[in-house]
Protein chains: 2
Amino acid sequence: MYDFSADIADCAKAVEAALARQLDAAPLSGPGPAPARLIQAMRHGSLEGGKRLRPLLVRQAAAIFNIPAAQALTAGLAVEMIHCYSLVHDDLPAMDNDDLRRGRPTVHKAYDDATAILAGDALLTHAFGLLADPACHPDAAVRIALVAELATGSGAGGMVGGQMRDIEGEAGGLSPDEISTMQAMKTGALIRASVRMGALLGGADARALSVLTLYAELAGRAFQLADDILDVTATAETMGKATGKDAALGKQTLVATLGLEGARTRLNQTVNEALSTLRTFGPKADGLRATVRYFASREN
Amino acid sequence: MYDFSADIADCAKAVEAALARQLDAAPLSGPGPAPARLIQAMRHGSLEGGKRLRPLLVRQAAAIFNIPAAQALTAGLAVEMIHCYSLVHDDLPAMDNDDLRRGRPTVHKAYDDATAILAGDALLTHAFGLLADPACHPDAAVRIALVAELATGSGAGGMVGGQMRDIEGEAGGLSPDEISTMQAMKTGALIRASVRMGALLGGADARALSVLTLYAELAGRAFQLADDILDVTATAETMGKATGKDAALGKQTLVATLGLEGARTRLNQTVNEALSTLRTFGPKADGLRATVRYFASREN
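Residues numbered from 1 in each chain as written. Chains lettered and ligands numbered in written order. Predicted model: local features only at pLDDT ≥ 70, side-chain atom pairs only at ≥ 80, totals over all residues. Heavy atoms only, no water.

Chemist: How would you explain the relation of the copies chain B and chain A if you had to name every residue and give the values?
Modeler: When chain B is brought onto chain A, the operation consists of a screw motion whose angular component is 180° and whose axial shift is 0.0 Å, with 0.0 Å RMSD remaining. Each copy turns onto its partner about a two-fold axis. (Least-squares fit on C-alpha atoms with pLDDT ≥ 70 in both.)

Laid out in structure tokens, this is it:
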């Protein structure tokens, strides 16, 4: 019997420990030693925080193909480092200008802007370095496919492009379709990459990969809808970061265009569609089923 | 007979054309389309500028192993994109705060800080995406080795770590050894990666790789020494960027500690050491020989 609470807790614990091992002097050394201040800022931006949902998706997708969680950890770490770097850069004064993240000072508040920019760059770079490590997967062809997948999901046509569209859209005037595209890139693309990377680790065939891609796109939409709803309904205390910022910034979200109840209805529909894609996989997909349900029900 | 002028011009032309092709809507698309503003900023930060010395080193190192220049182009592009992203981020107000680069406004001046941060992130990410492309090399094992090499050279123990040390050292007090370490990381690590990536494309054995690594480390030192000397002797007009900034910022360079003549003597010694490493390779290494000589003699 699948136990979601145990799965998410075990994954978070494994990710935390592995991140702490990776973000240390020896693994970060290159032609020279990584500076202590840079290592500390990288750790500040990635340790002790977050639910590690993206590594969870990697291992849950891999589990469909009988890949043990431990063998999906390195790929999960790479995705998590990308996620963490994006938060470090997004929090900068030149971007969202957030002082608080997970209830703690953001990296540029704890250090300075230059260190935060560099720590983000170094996390981004190390993510790809991790995928090149044979510990990630013994087959070089699989590892390079993971590199391609992560680059596509996190680059100009994915996460970074979505952040650019979000900034451009702050002036308002985005249609619901344009909002969906922006969110599919900003948040959805990395969720999509996580699921697909799990499938690639498992040697998924084209049909399974395509089904899981559809699941991931729907799960990403559910995640973002829930996030937009939480920005309206939650308090800064439960979220550990500022809320109500979207409206204050005039950001166009689907809650603004559909209304709160409309957004909740759309969220339920999206979760059901995501669940229906997994029909053929049986109990091995219980992890992915639980996670998309969790996306819709989370309170922070 | 090897012709350096023809080699550097041909390489720059090939890189410029290939960058223009890569930094376009189709190659940059992912789960969504790359935003036009992001593409333009990425192009602004990488097209029409630079001598493309790093792709030149990739192809010159590959040439030792009879790899045609065209087959070293994609790996060279990846290194060049890393170099360009680092300039975009280094120019930011939070870092070196430069308004001028190659005689044109820097990306954050032409766009804004947020766009420059994102354009840098997207260039960094696309560099790794390029290495994953089979056009880079038909063998996945070689491509993943290139990913590892580029990540090591450009990450926390390489280029980014060097930039961090440079910022930390602005307060002064670095010893000549500490300056050398900083420079070996900030500038040297990517030069080292370029040469090693060319060698990896050519299937170099451990001995050849080790010899070329030594060449690259010496060439990197020569490059940085020449740069420090130019910062003192050149004018903003010939450089296309502000000069005299190191002294104004109180940056510790080897010119400051060795004096101008001492630095010139050290530069000549370093070039000769670099040349001597190439003895066993014969005329196929004429490109690498010419380039390290060029490093020492360039006027901008």
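Chemist: Talk me through helix α15 (residues 260-277) of chain A; I want residue IDs and the actual numbers.
Modeler: Residues and elements named next belong to chain A. Look at α15: 26 Å from first C-alpha to last across 18 residues, which is about the 26 Å you get at 1.5 Å a residue. The complete set of buried residues in α15 reads A263, L267, T270, V271, A274, L275 and T277. One side of α15 holds all its buried residues, which, seen down the axis, span an arc of 155°. Looking at the buried residues of α15, the elements they touch are α11 (206-233), α14 (254-258) and α16 (286-297). (Helix = DSSP H or I, 4+ residues; strand = E, 2+ residues; numbered from the N terminus. Expected span 1.5 Å × (residues − 1). Buried < 20%, exposed > 50% of the residue type's maximum accessible area, 1.4 Å probe, protein only. Arc of directions from axis to C-beta. Contact = heavy atoms within 4.5 Å.)

Chemist: Tell me about the pattern of salt bridges, and name the residues and values.
Modeler: What the rule picks out here adds up to 22 salt bridges over all chains. Residue R196(A) pairs with E149(A) through a salt bridge whose shortest N-O separation is 2.8 Å. With a gap of 47 residues between them, R196(A) in helix α10 (residues 176-201) and E149(A) in helix α8 (residues 140-154) connect regions that are remote in the sequence. For the residue pair R196(A) and E149(A), the accessibility class agrees, reading buried in each case. Its salt-bridge partner being E217(B), residue R192(B) comes within 2.9 Å of it at the nearest N-O pair. (Salt bridge = Lys/Arg side-chain N within 4 Å of Asp/Glu carboxyl O.)

Chemist: Let's hear about the interface of chain B and chain A: which residues, and what values?
Modeler: Taken together, the contact pairs 53 residues of chain B with 53 residues of chain A. The contact between chain B and chain A buries some 4100 Å² in all, and 80% of this surface belongs to carbon and sulfur atoms. Linking chain B with chain A are zero salt bridges, by the criterion used here. Counting every contact that joins chain B to chain A gives eight residue pairs in polar contact (both at pLDDT 80 or more). (Buried area = accessible area lost by both parts, 1.4 Å probe. Polar contact = N/O pair within 3.5 Å; in protein donor to acceptor, adjacent residues only side chain to side chain.)

Chemist: How would you sum up unusual backbone geometry? Please name residues and give values.
Modeler: Residue and element names in this part refer to chain A. In this model, N66 sits at a positive phi of 65°, which is unusual for a non-glycine residue. Secondary-structure assignment places N66 in the loop between α4 (53-63) and α5 (73-90). The backbone phi angle of R102 is positive, close to 55°, even though this residue is not glycine. Its location among the elements puts R102 in the loop between β1 (100-101) and β2 (104-105). When its relative accessible area of 26% is taken as the criterion, R102 is described as partly exposed.

Chemist: Outline the nonpolar core, listing residues and values.
Modeler: General note: in soluble globular proteins, nonpolar side chains tend to be found buried as a group. L150(A), Y215(A), L150(B) and Y215(B) are the most contacted members of the largest nonpolar core, which totals 198 residues. Other than its neighbours up to four places away in sequence, Y215(B) contacts L57(B), V195(B), A274(B), T277(B), L278(B), L288(B), T291(B) and V292(B). (Core = buried A, V, L, I, M, F, W, Y, C linked by side-chain atoms within 4.5 Å.)

Chemist: Would you mind going over the side chain of R192(A) in detail, with residue names and values included?
Modeler: Here R192(A) shows up in helix α10. According to the relative accessible area criterion, R192(A) is buried, its value standing at 17%. Side chain to side chain, R192(A) and E217(A) meet in a polar contact 2.9 Å long. When near neighbours in sequence (up to four residues on either side) are disregarded, R192(A) contacts E149(A), T213(A), A216(A), E217(A) and P31(B).

Chemist: Lay out helix α9 (residues 159-169) of chain A with the relevant residues and their values.
Modeler: The buried fraction of α9(A) amounts to eight of the 11 residues, a majority that puts the element mostly inside the structure. Taken as a whole, α9(A) has its buried residues at M159(A), V160(A), G161(A), G162(A), Q163(A), M164(A), D166(A) and G169(A). Against the buried residues of α9(A) lie α5, α8 and α10 of chain A together with α3 (36-44) and α7 (113-132) of chain B.

Chemist: Could you give an account of the packing of aromatic side chains, naming the residues involved and the relevant values?
Modeler: Applying the stated criterion across every chain yields a total of five aromatic pairs over all chains. Between F128(A) and F128(B), the ring centres sit 4.7 Å apart and the planes meet at 5°, which makes this aromatic pair stacked. Note that F128(A) is positioned in helix α7 (residues 113-131) and F128(B) in helix α7, a pairing that runs across two chains. The two residues F128(A) and F128(B) agree in class, both being buried. Relative to F295(A), the ring of F223(A) has its centre 5.0 Å away and its plane inclined at 75°; by these criteria the two rings are edge-to-face. Separated by 72 residues along the polypeptide, F223(A) in helix α11 and F295(A) in helix α16 bring together distant segments of the chain. In this structure, R54(A) packs its charged tip against the face of F223(A), placed 5.7 Å from the ring centre. (Phe/Tyr/Trp six-rings, centres within 6.5 Å; stacked < 30°, edge-to-face > 60°. Lys NZ or Arg CZ within 6 Å of the ring centre and 35° of its normal.)

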